[in-house]
Every structure is written in structure tokens, then in C-alpha cells.
Amino acid sequence: MHCFHNLKKMNSQEIIAFVTIADTLSVSKAAEMLFVSQPALSKQISHLEKELGYKLFYRSRRGVVLTEKGEAALKYAKQIIRASQSIKSIGKNSRFDDWDDLNVGYVTEAHTGFLEEGISILSREYPKLHIHVSQGDPPDLVRQLKDTELDCALIHLPSAKASHEIQFQAQKKGGIVAQIPENHCLCRFKELQLADLENLKIISSKKVSPACYSYIEKAFSNAHVHVAFEEVQTKESIEIVSRGKRMIRLTSSLSPSRPGVRNIPIRELRTGFDLVLAWNPDNENPFIQEFLRAIGK
């Protein structure tokens, strides 16, 4: 691996940072995927380039492009990552022998491609593992995590933060959108502000997700915007909006689009509603971390 002959202090994070930027050709996209800040990621690459003694990327306003040496180094960097994963896998059997099940919960918005892909990856790597998947409301999922009825669950950040008994790691950045029937006057906007919803009737799910409801209610309160919240169960609220009843539903920006309904971002709530993987730190199931790795690929 002659491209790394000057290697002294390069660490695995720097290698992963290099490969991720090379694959996306975007520092911002790579930072988002790795859940680090752009300055921190740029610092890792600068340190790596200093250790190697040559530039890996050309930088421009449009993004980044691999240098000739960067192209050559990328091949070896990916080999290093694969070798590292293989070394780690040697000791897996003894650690995993006593476990053959993984129970995964998820909120509605989490039933996306990356969840299915994560399950698929884990199933291929561990053919004997039985993965059980169930959908639920955030309070029920959190309770099941505490009671170790579930090993891990994909839930929203406010619900995860509300419990001090579980750990979590962000998986997808998210915010809040307004689900609005296409016949509603607000559908002419590409983006809304909280003030645009003044005095409107908003479908909420306080009983279904108290922490998420509090997060939304606090946002309106801080913006001094008055709205009328109407308690409606999740499935019923989706049907009400879909039927064009001119009622507005606030939900995760990761929610799928539906016929006759538009998902319009809310400027003040574009962040803070991430999708996270949560688990009980007292749960010793080693497949929790394996699932975390799989969905992060």
C-alpha cells in the first residue's frame, strides 16, 4: 500500500471520513451522513493530508474532486476498512453465540428504505438471527425498551430525550412538516412559517406521543402563535387529511407523501425532530450495535 507509506497517526475516523467524502464528493453530505460538523470533518481530512504528504481533494465552489493521488489512495482506504471489519468479525462468534433474536420497534415514519436495508444486511451477515419487527407509538416503544421487551427502536428525538433511561443515536435528520389537503389555500406555498397557521385547527396526537406534542406546542408558544389543537388518533388523522377535510396535520418530515396531500416544510421546525435508534443500556444483546452499524451503512 505505497500510497500510505508516510502514515504515522492516521486513525480509522479519518479513513472513513476520506472514503465518505470521496463517495459523495461533498463535505456537507458526508458530514450529515457521519453526524459530525463540516469544520470537524475538514479538520480530519487536513490532518490526513498532512500525514500523507499530499492532497486528496481539489476544492472548489461546486464541491470537491479527487486528485490523482487521492484516486489511488481511495482503493487502499476501502481495503483498510474492509480489513478492519474482517478483523473485528473474528471474535464475533463467541460474543454472539448466546443470542439468536433481535426485537426492533419503529414509529410509522421510520418504515423507510434504510430500515429495510439495515434488516436485510443483518439477515445476510447472520442467517440464523431471528429479527422481529413491530410498529408502535413512541410511549409504548419507550416503555418496551425500558422493560427490555424491545432491544432497540427507531423513534423521534423528542421522545428519546424525554427518557433518561435509554440511550440513542441519530440516524436521519428531520423536522416537522404540515400535511395539508391539496384544496387548502396554504398549498400555494413551498414553505410555511408558524405564523401562517395562526388560529387554524391543528390535528395533534398528545395521547399517542406526549413528548412530540410538547415539542410542537412549545414552538408555537415561543413564536406567540395561537392555534387550536384537536386530539385525533394517528390513523384517523391521516384519513381526515387525505379526504380533503381542510384540516392540517403536523408530522415528521420523513413521513411519506400521500395522494391529495402535500407535505410543506415549516421554517422554524426544519430541525430537532430527528429519527434516532434508541436502546436500553442495560440490554446486553450484542446485535443492537450490529443493527446500529447496519442501518448506518
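For the structure given in this document, a descriptive report is provided here. Just so it is clear, the model here is predicted, and its values are computed rather than measured.

Some words on the sheet that holds strand β5 (residues 152-156)
- Strands sit in the order β4-β3-β5-β12-β6 across an open sheet of 5 strands; the sheet is mixed. Looking along the sheet, the strands with just one partner apiece sit at the ends: β4 (130-135) and β6 (167-172). On average, each strand axis in the sheet is tilted by 25 degrees relative to the strand beside it, whichever way the strands run.
- Pairing between β5 and strand β12 (residues 275-279): 4 bridges, direction antiparallel.

A word on the packing of aromatic side chains
- Tallied over the full model, the rule gives 5 aromatic pairs.
- With centroids separated by 5.7 Å and ring planes inclined at 65 degrees, the aromatic side chains of Phe-18 and Phe-57 adopt a geometry described as edge-to-face. Residue Phe-18 is found in helix α1 (residues 12-24), and its partner Phe-57 is found in strand β1 (residues 57-60); the two are separated by 39 residues along the sequence. The two residues Phe-18 and Phe-57 agree in class, both being buried.
- With 5.3 Å between their ring centres and 65 degrees between their planes, Tyr-213 and Phe-229 make a pair best called edge-to-face. Remark: Phe-229 occurs in strand β9 (residues 228-231) and Tyr-213 occurs in helix α9 (residues 210-222); sequence separation between them is 16 residues.

Here we look at the sheet that holds strand β7 (residues 176-181)
- An order of β9-β8-β10-β7-β11 is seen for the 5 strands of this open sheet, with the pairing classed as mixed. Across the chains shown, the open sheet's two edge strands, defined by having one partner strand only, are β9 and β11 (261-265). Ignoring strand direction, the axes of neighbouring strands in this sheet form an average angle of 35 degrees.
- The pairing of β7 with β11 spans 5 bridges and is antiparallel. The residue of β11 that forms the bridge with Gln-179 is Asn-263.
- Lying on the sheet, α9 is in contact with β7, β8 (201-204), β9 and β10 (248-252); it crosses β9 at an angle near 165 degrees.

Observations concerning helix α2 (residues 27-34)
- Where α2 is concerned, the buried positions are Val-27, Ala-30 and Ala-31. Taken down its axis, α2 places every buried residue within 100 degrees of arc, on the same side.
- Next to the buried residues of α2 lie α1, α3 (38-52) and β2 (63-66).
- Positive phi shows up at Phe-35, right after α2, with a value of about 55 degrees.

The rules behind the values
- Residues numbered from 1 in each chain as written.
- Predicted model: local features only at pLDDT ≥ 70, side-chain atom pairs only at ≥ 80, totals over all residues.
- Heavy atoms only, no water.
- Pairing = 2+ DSSP bridges.
- Helix = DSSP H or I, 4+ residues; strand = E, 2+ residues; numbered from the N terminus.
- Axes fitted to C-alpha atoms, helices over the stretch in contact; angles between N-to-C directions.
- Phe/Tyr/Trp six-rings, centres within 6.5 Å; stacked < 30°, edge-to-face > 60°.
- Buried < 20%, exposed > 50% of the residue type's maximum accessible area, 1.4 Å probe, protein only.
- Contact = heavy atoms within 4.5 Å.
- Arc of directions from axis to C-beta.

None of the figures reported here should be taken as evidence of function without further support.
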